[in-house]
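Remarks on the overall topology
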There are 2 protein chains.
Amino acid sequence: MITYHQANGAVSLNSPTSMPNACGFLWNKKMMIQMNCRGYAVAQFMQPEPAKYAHGPALEAKTFMQPEHPYFSHHPGRFFYIKDNQSGELFSIPYAPVKQATDSFEFIVEKEKISWHITHLDIVCELSLTLTTTDCAELWQLNITNNSGRSRDLSIYSYFPVGYMSWMNQSAHFDTELNAILCESVTPYQKIEQYFAHQDFKDTTVLMSDIAPTSYETRQAAFEGEGGLNNPDAIINRALASKPAHYQTPVAVMHFDLPLQTEQHFQANFVFAPVKDKLEAKQLQQHYLGSPEKREKINKQYQEYIAQADQQLSISSPNKEFDNFINHWLPRQVFYHGDVNRLSTDPQTRNYLQDAMGMVYLKPDETKAAFVKALSQQNSSGKMPDGILLNPESELKYINQIPHTDHCVWLVICITAYLDETADYEFLHQPIPFADDIAPKTVFEHIELALTFLWSQRDQRGLNYINQGDWCDPMNMVGYQGKGVSSWLSLASAYAMRLWSNVAKSTGKASLAESLLQQASTINQVVNQHCWDGEWFARGITDAGNCFGVSQNQEGRIYLNPQSFAMLSGAIDNNQWQKMKLQIKQQLQTPFGMMMLAPSYTHMNEEVGRLTQKFPGTGENGSVYNHAGAFYIFALFERGETEAAFELLHTMICAESEANALSRGQLPVFIPNYFRGAYFQFPEDAGKSSQLFNTGTVAWIYRIVIEQLVGLKGTSKGIKIKPQLPKSWPELHVCRRFRQAQITMQVSHTTTVTTQQVWVDDVPLESDANGEFNFDVLPKQTYRLKVLLPIS
Amino acid sequence: MITYHQANGAVSLNSPTSMPNACGFLWNKKMMIQMNCRGYAVAQFMQPEPAKYAHGPALEAKTFMQPEHPYFSHHPGRFFYIKDNQSGELFSIPYAPVKQATDSFEFIVEKEKISWHITHLDIVCELSLTLTTTDCAELWQLNITNNSGRSRDLSIYSYFPVGYMSWMNQSAHFDTELNAILCESVTPYQKIEQYFAHQDFKDTTVLMSDIAPTSYETRQAAFEGEGGLNNPDAIINRALASKPAHYQTPVAVMHFDLPLQTEQHFQANFVFAPVKDKLEAKQLQQHYLGSPEKREKINKQYQEYIAQADQQLSISSPNKEFDNFINHWLPRQVFYHGDVNRLSTDPQTRNYLQDAMGMVYLKPDETKAAFVKALSQQNSSGKMPDGILLNPESELKYINQIPHTDHCVWLVICITAYLDETADYEFLHQPIPFADDIAPKTVFEHIELALTFLWSQRDQRGLNYINQGDWCDPMNMVGYQGKGVSSWLSLASAYAMRLWSNVAKSTGKASLAESLLQQASTINQVVNQHCWDGEWFARGITDAGNCFGVSQNQEGRIYLNPQSFAMLSGAIDNNQWQKMKLQIKQQLQTPFGMMMLAPSYTHMNEEVGRLTQKFPGTGENGSVYNHAGAFYIFALFERGETEAAFELLHTMICAESEANALSRGQLPVFIPNYFRGAYFQFPEDAGKSSQLFNTGTVAWIYRIVIEQLVGLKGTSKGIKIKPQLPKSWPELHVCRRFRQAQITMQVSHTTTVTTQQVWVDDVPLESDANGEFNFDVLPKQTYRLKVLLPIS
């Protein structure tokens, strides 16, 4: 059912009913579109806040991107009706709104293009969408070929609903000069300041074609009539009314009459876009509806833009599906995050930093620029804000208005990763200002302040206050009275201190290094003293003084994150690990990955807060939350638990058996932020995909693949070689670009060695005093590595 | 096509396609529901802010009630599918979602009940909705009778979509104890304060029946399947899946199998309601799903509640449609406004005061209470706030966050009307506190402060500043720099001063009376000096010093309100009136009533503001804005222009010729806030109804009918008799309750008199020195008036 075209990394789906939510997404710096295989679309652009140019027919709430998006017949989408005027038969592509079964159906998601190949009534329909490198504009191409061996009389109708644009003003008309339907509106406002803020808004949505339509309709209700979307009244008459919309809900319907001879072919190109005015529409027309050669060039540009992502790492393992994901889709998703910051103007600080961390493997300069921006918004107390304001006009919104306590942790973790990958230790000396008005300090000093701040925000026991939440946003009542503490945050602080201790050491600051190690050790000790529940760590201690996430809890008995970070921070001994790993597996592992906590809360717990009001198994309330799962995988690899780590990695990415694919409704073109959890409580629903591709997961998975699975991790002078291959892989071939050098590596499992052996350009590489295989890398060189691993 | 059942004031419609937007509305203190003839619903309840218990399938924006509401297939509604299991035929009532043509269709809007009588496939279906006196609960009754002369095998499915309740938590399940589908959710929030504010929210929507269903479905998508709403997959199998919804969009579908013998009858009663929890649902069940006698009693209570409105005035004219509206629907709409304040917790001050003014003819004590509340929120400077906060937790929202300059004017105008109707001059001595902390002052002193404030807010010319808007909300750029002025507001201030001068005079404050008259005269003079454009008054002068609403303007050349208020304030002489009335008629009158301004603005005018960005012919931008129209009618009657006034009154209420009815899509059960205007610019769209029944119009129209058309206006001791009948009416019979007395009046046009003649209980009544016919009214008395009017 699902076939992968390895050549270009495309994946395709052969039936719209088997996986009705299958979708792909495209983006550029200014916009993002998620296309569902049936034709439904979720699209946003920035002006500068996220905005829509096609709406539902009701007034829609502005909100952050929602998981498990429920599509319905009037959801925005991009469709064409095709009518055989001789037989009266009608169908629509891609599938909705008519939802007929077609003779063949193929939904193809390529990295830079989403397309459909559909055959029905002996007509071959090819529909494709791509974006441009810089503009907010969808480029659609429709190809219709008469394959029937007889001449045909067809009518084609675009159905691009634009929806309820504005209660203040909306209208639509056809412009003959542009061959376009312009749907105009005024974004509603009441405060006069907003008028000035809205002046450059792209309040017009345009559908333009390179073919003049025979007739058109701009009014949604007049188009549908009594027949509704599955059989619109307007189509019965063939020619449409060709009337403007005056305040009625607009729609962009263009009608083309096609008398097609045998084998004759029809092609139309469309631009669908938000614009400020007709002038801007005209510019888009000139850019994107020109000659085939011009279009070809534009498509190539966008292809190159997207291809930036997958030229850094290529692996060839025995699992081709896995390879396809790692080589094409994973870096693409990592690039998306680093490129557009989830289409927000105030990304959450922890997301912003981790998304930037992922980008270090693709475009390290952009990572550095992001860190500079984040650090310049740090307070001189060391505290980081809840969101990073990307523009001067940006403001903190939604959850970023609630103070969280963990942001400093991510600063340390992510900048350490940057240093490993780039060895850009010069960066540490760069002076950067603060949000408040004190004199700039170096990056190193900024980080020291962050660590000092974390150290200061602890209670008399020595545990970090959680206040209204840490990484777990909705855990808002654990410590809102100023007393509750977070074991996770304490352990994450300890981990950050250990990481920075290494940096301090390698930059010659021995006493700081020692003091940080000492602090980390103190915290680890305190967490063990107050939060070790016997077989795992509690999640924290509430304002009322109760440990939670412990064996005596009926719900929320065990949380994954404290365990993963205890592994990373060095808080556990082997005895603890042996106990923990059994409990983690037994209570948290599902066929879809690791649950964030279990059992999911089924009703409000006022000592924990909003988290416990979320639907069980969704979001933070016990879903298979991939971001948390990634940390567990990362920690497992760190501990050398290669088999367990790889199993979970593989599950997250590739467990797309047909049955799972059907129930998850998701092709493996991205990792969603969660799969439904609550596996033991609601088994029927477990494993459903959130379909939300915004997630901190991917930066970590990419890092895990590069630094742990492939085992090529940057050091101050070069690279450390330590592949961690699962037993089931006899071999792995790797190409990696690294600091302008080109590295190829062949890893083989063999019975002929008992410890890892490495050759660089056929010369054996000796391990150092710690048993590590390090070698220096120079720019513009090529290195050919060969690694033999023992079969244990 | 439209038939009126005079007996109970009901109106009915015989086809869902002829007037697809026909609707009725019901309300009680806690909720409001507008039912469309096809089954779509707009319903809100208060908790304390307006909230919804049935949603669209997408996240909906919270907003004030919108005009020209666009319905679509997934809009919330209340529907039943009916399937003949022998033939497989399927239809739905009322009409959507299947939208079949039925053998017969009747949509009946009564004052306290909305119902449908539908016959199809030899099945008689009766469906009705009523509300309760105090609870937020819809009471539905379904009656199915087998009229076919043969036994039938039917299945009935309720389809009550509940929609996207919450991204945080939503679920649904069937409760066997209650015979109910409970759709539960958690209203999303992020700030911890909101958790405490939400604790009593009715986040559960319940559908309960007095009949146990055969099977049920709670999941919208599972119900629809591929077939969609017009042919849901779930119905194909007869029995539904009977499964709970876990985070999927919920729906309340109950399936009843009906093996019906010839003439056999099925009845089911349903309660559809928002509740806090199952306990509250159980209470509703006990109250409303009891014995038929209990239900009868509840229906009677609600009937009596609504009937309070139409026991004050009854007229019998030659126009029965007009009478039906005046006797039943108009007071009902007036009562609705006074009863529930448009379901807001911060009604705009000018709306709140005028809605209260309408209530004086129905329940004067409630009017008084509203004035007390409004006055207690006045600032000691005399300034009134932009909205009246009804609860301690209320806050100013939407447009009430923008300061407007006209609220004091309405205080004076509305309290004067209260004094006229009640003669409650004691009220003027009642001490009332201020919003700021100074000592309480009497109502009279409050009003004096309001007038002093208006007098103080004038520029060096003596014209009132408009700042960010006056009655015309979106005229926000005329004076936002602090310089622009409003001729309307100046004239309205002068009118208010003249009104209060009369009150001062009749309460023995001669010098205040004189000084107010002098101020009014000064303002009138200044307006004439600066704003008289030759044939009409300008609307104002902008910050840049330009008069607008004048002959040299291409758009917004003439505004109605300054002309009406110049008539009321005494600013014009007869010469001006002769010029004005021609221009008003020529430029502003349409077959649907008076446009607020003309020509409508078609693009932004930065000297006028947001008004000019509204769609031409809608809202304040040149629609037939009935509230403005009412003032012109009021002013015409005041000037004795009876024929012109009555023509416009009749147009507003009764111009429901079939053609208009079709284009307006509105039965005359309420006056909408506007009909589309821009009559000369967009003639095709002109006359469409906004369908929005919240409007200050109705208080004025009711006052016009009582005090001017019928001509029974309260005075300090009794009543002044001055009917202003159109020539076309030979006779009018009137019954009026007034200050606990009962007055009947018969008015006749006759050639036998040359001036008005009056008899009270067959005794001739002499006119006073001013030629007025006044007589004293005592409580609990009955008066029989006879009036002869000359045919002029």
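None of these values were measured; they are calculated from a predicted model. (Residues numbered from 1 in each chain as written. Chains lettered and ligands numbered in written order. Predicted model: local features only at pLDDT ≥ 70, side-chain atom pairs only at ≥ 80, totals over all residues. Heavy atoms only, no water.)

Relative to chain B, chain A is turned by 180° and slid 0.0 Å along the rotation axis, the superposed coordinates differing by an RMSD of 0.1 Å. Read as a symmetry element, the transformation amounts to a two-fold axis. For chain A, the smallest separation between a C-alpha atom and the rotation axis is recorded for A61(A), amounting to 1.8 Å. Both copies present the same face, since 100% of the interface residues in chain A are matched by interface residues at the equivalent positions in chain B. (Least-squares fit on C-alpha atoms with pLDDT ≥ 70 in both. Contact = heavy atoms within 4.5 Å.)

What follows is about the sheet that holds strand β37 (residues 741-750) of chain B. Residue and element names in this part refer to chain B. Ordered by their spatial adjacency, 6 strands build an open sheet running β21-β36-β37-β41-β38-β39, and the pairing between neighbours is mixed. The open sheet has two free edges, formed respectively by β21 (313-316) and β39 (763-765), since each of these has just one partner strand. Averaged over all neighbouring strand pairs, the angle between strand axes comes to 20°, with direction disregarded. As paired strands, β21 and strand β36 (residues 731-738) are joined by 4 bridges and run antiparallel to one another. The residue of β36 that forms the bridge with I315 is V734. (Pairing = 2+ DSSP bridges. Helix = DSSP H or I, 4+ residues; strand = E, 2+ residues; numbered from the N terminus. Axes fitted to C-alpha atoms, helices over the stretch in contact; angles between N-to-C directions.)

Moving on, we come to the environment of G629(A). Along the chain, G629(A) falls in helix α15 (residues 626-638). According to the relative accessible area criterion, G629(A) is buried, its value standing at 4%. (Buried < 20%, exposed > 50% of the residue type's maximum accessible area, 1.4 Å probe, protein only.)

What follows is about the environment of N327(A). All names here are of chain A. With respect to the secondary-structure elements, N327 resides in helix α6 (residues 320-340). The exposure class assigned to N327 is buried, which follows from its relative accessible area of 10%. For the pair N327 and N464, spaced 137 residues apart in sequence, the C-alpha separation works out to 40 Å. Beyond its immediate stretch of four places on either side in the chain, N327 contacts D310, L313, S314 and I315.

Okay, the sheet that holds strand β34 (residues 712-714) of chain B next. All names here are of chain B. Pairing in this open sheet of 3 strands is antiparallel, and the strands run β34-β35-β40 from one edge to the other. A strand with exactly one partner marks an edge of an open sheet, and here the two such strands are β34 and β40 (774-776). Between one strand and the next, the sheet's axes are offset by a mean angle of 30°, whatever the strand orientation. Judged from the 3 bridges that link them, strand β35 (residues 718-721) and β40 form a sheet pairing that is antiparallel. Across the sheet, the residue bridging to K720 is N774, located in β40.

UniProt records the feature "domain: Glycosyl hydrolase 94 supersandwich" (unreviewed entry) at residues 74-288 of chain A, using the numbering of this structure. As annotated, residues 74-288 of chain A has a helix share of 12% and a strand share of 46%, and its two end C-alpha atoms lie 28 Å apart. (UniProt positions renumbered as here; feature names shortened; annotations may be inferred.)

Turning next to the interface of chain A and chain B. The interface of chain A with chain B comprises 62 residues on the first partner and 62 residues on the second. At the boundary of chain A with chain B, total buried surface from both sides reaches about 5400 Å², with 56% on carbon and sulfur atoms. For the pair chain A and chain B, the number of links is 2 salt bridges. E684(B) serves as the salt-bridge partner of K243(A), at 3.5 Å between the closest nitrogen and oxygen. The tally of links between chain A and chain B comes to 23 residue pairs in polar contact (both at pLDDT 80 or more). Those elements that place two or more of their residues in the side of chain A that touches chain B are β14 (170-175) and α1 (192-197) of chain A. Broken down by element, the residue count for the side of chain A that touches chain B peaks at 3 residues, all from α1(A). Along the lines of polarity and charge, the residues of the side of chain A that touches chain B split into 28 nonpolar, 20 polar and 14 charged. (Buried area = accessible area lost by both parts, 1.4 Å probe. Salt bridge = Lys/Arg side-chain N within 4 Å of Asp/Glu carboxyl O. Polar contact = N/O pair within 3.5 Å; in protein donor to acceptor, adjacent residues only side chain to side chain. Nonpolar A, V, L, I, M, F, W, Y, C, P; charged D, E, K, R; others polar.)

Accessible area lost upon the coming together of the parts is a frequently used measure of interface size. If you check the domain split of chain A, you get domain 1 (2-307) and domain 2 (713-790). Taken over C-alpha atoms, the centre of domain 1 of chain A sits 49 Å from the centre of domain 2 of chain A. (Domains from an automatic or database assignment.)

Before going further, it helps to spend a moment on helix α9 (residues 407-422) of chain B. Residue and element names in this part refer to chain B. The end-to-end C-alpha distance of α9, which contains 16 residues, comes to 23 Å, matching closely the 22 Å that a straight helix rising 1.5 Å per residue would cover. In terms of burial, α9 is a largely internal element, 16 of the 16 residues being buried. Taken from the residues just after α9, A423 is the one with a positive phi, measuring 55°. (Expected span 1.5 Å × (residues − 1).)

Right, let's talk about the packing of aromatic side chains for a bit. Residue and element names in this part refer to chain A. If you walk through the whole model with that rule in mind, you get 89 aromatic pairs over all chains. Geometrically, the ring pair formed by Y336 and F693 is edge-to-face, given 5.4 Å between the ring centres and 75° between the ring planes. Remark: F693 occurs in the loop between β33 (674-675) and α18 (697-709) and Y336 occurs in helix α6; sequence separation between them is 357 residues. Judged by relative accessible area, which is 0%, F693 ranks as buried. (Phe/Tyr/Trp six-rings, centres within 6.5 Å; stacked < 30°, edge-to-face > 60°.)

On to unusual backbone geometry, then. The omega torsion across I93(A) and P94(A) is 5°, close enough to zero to call that bond cis. In this structure, the amide linkage connecting A598(B) to the following residue, P599(B), adopts the cis form with an omega of -20°. Counting through the fold element by element, P599(B) comes out in the loop between β31 (597-598) and β32 (624-625). Backbone geometry at A678(A) places phi at a positive 50°, although glycine is not the residue there. For A423(B), which is not glycine, the phi torsion reads 55° and is therefore positive. The residue A423(B) is located in the loop between α9 and β22 (431-432) in this model.

Glancing now at helix α8 (residues 364-375) of chain A. All names here are of chain A. The terminal C-alpha atoms of α8, which comprises 12 residues, lie 17 Å apart, in line with the 16 Å expected from a rise of 1.5 Å per residue. Residues T367, A370, F371, A374 and L375 constitute the buried set of α8. Projected down its long axis, α8 carries its buried residues within an arc of 130°, all on one side. Of the surrounding secondary structure, the elements contacted by the buried residues of α8 are α7 (349-359), α9 (407-422), β22 (431-432) and α10 (443-456). (Arc of directions from axis to C-beta.)

This next bit is on the pattern of salt bridges. Residues and elements named next belong to chain A. Per the stated rule, a full pass over the model turns up 60 salt bridges over all chains. Of the charged contacts, one joins D424 and K368 as a salt bridge, the two residues approaching to 3.0 Å between their closest N and O atoms. Pair noted here: D424 is in the loop between α9 and β22 and K368 is in helix α8, with a separation of 56 residues, a long-range link. The partner of D685 in a salt bridge is K688, with the nearest N and O atoms 3.0 Å apart.

Residue and element names in this part refer to chain B. One can describe the packing of helix α7 (residues 349-359) onto α9 by two numbers: an axis separation of 9 Å at closest approach and a directional angle of 5°. One element, α7, and the other, α9, form an angle in the roughly parallel class. Touching T349, R350, L353, Q354 and M357 of α7 are H407, W410, L411, C414 and A417, all from α9. Looking at the contact of α7 with α9 residue by residue, the classes come out as 6 nonpolar, 3 polar and 1 charged. (Parallel < 35°, antiparallel > 145°, perpendicular 65-115°, else oblique.)

So, about the nonpolar core. In this structure, I144(B), W500(B), F565(B), L649(B), I701(B) and I721(B) are the most contacted members of the largest nonpolar core, which totals 235 residues. Sorting elements by how many residues they give to this core places helix α11 (residues 487-506) of chain B first, with 12 residues. Within the second largest apolar cluster, 234 residues are counted, among which are F25(A), A43(A), L313(A) and V710(A). (Core = buried A, V, L, I, M, F, W, Y, C linked by side-chain atoms within 4.5 Å.)

Residue and element names in this part refer to chain A. Note on placement: D175 falls in strand β14. The exposure class of D175 is buried, given its relative accessible area of 10%. At a separation of 2.9 Å, a polar atom in the side chain of D175 contacts the main-chain amide nitrogen of L178. Those residues in contact with D175 that sit more than four places away from it in its chain are A180, L182 and K278.

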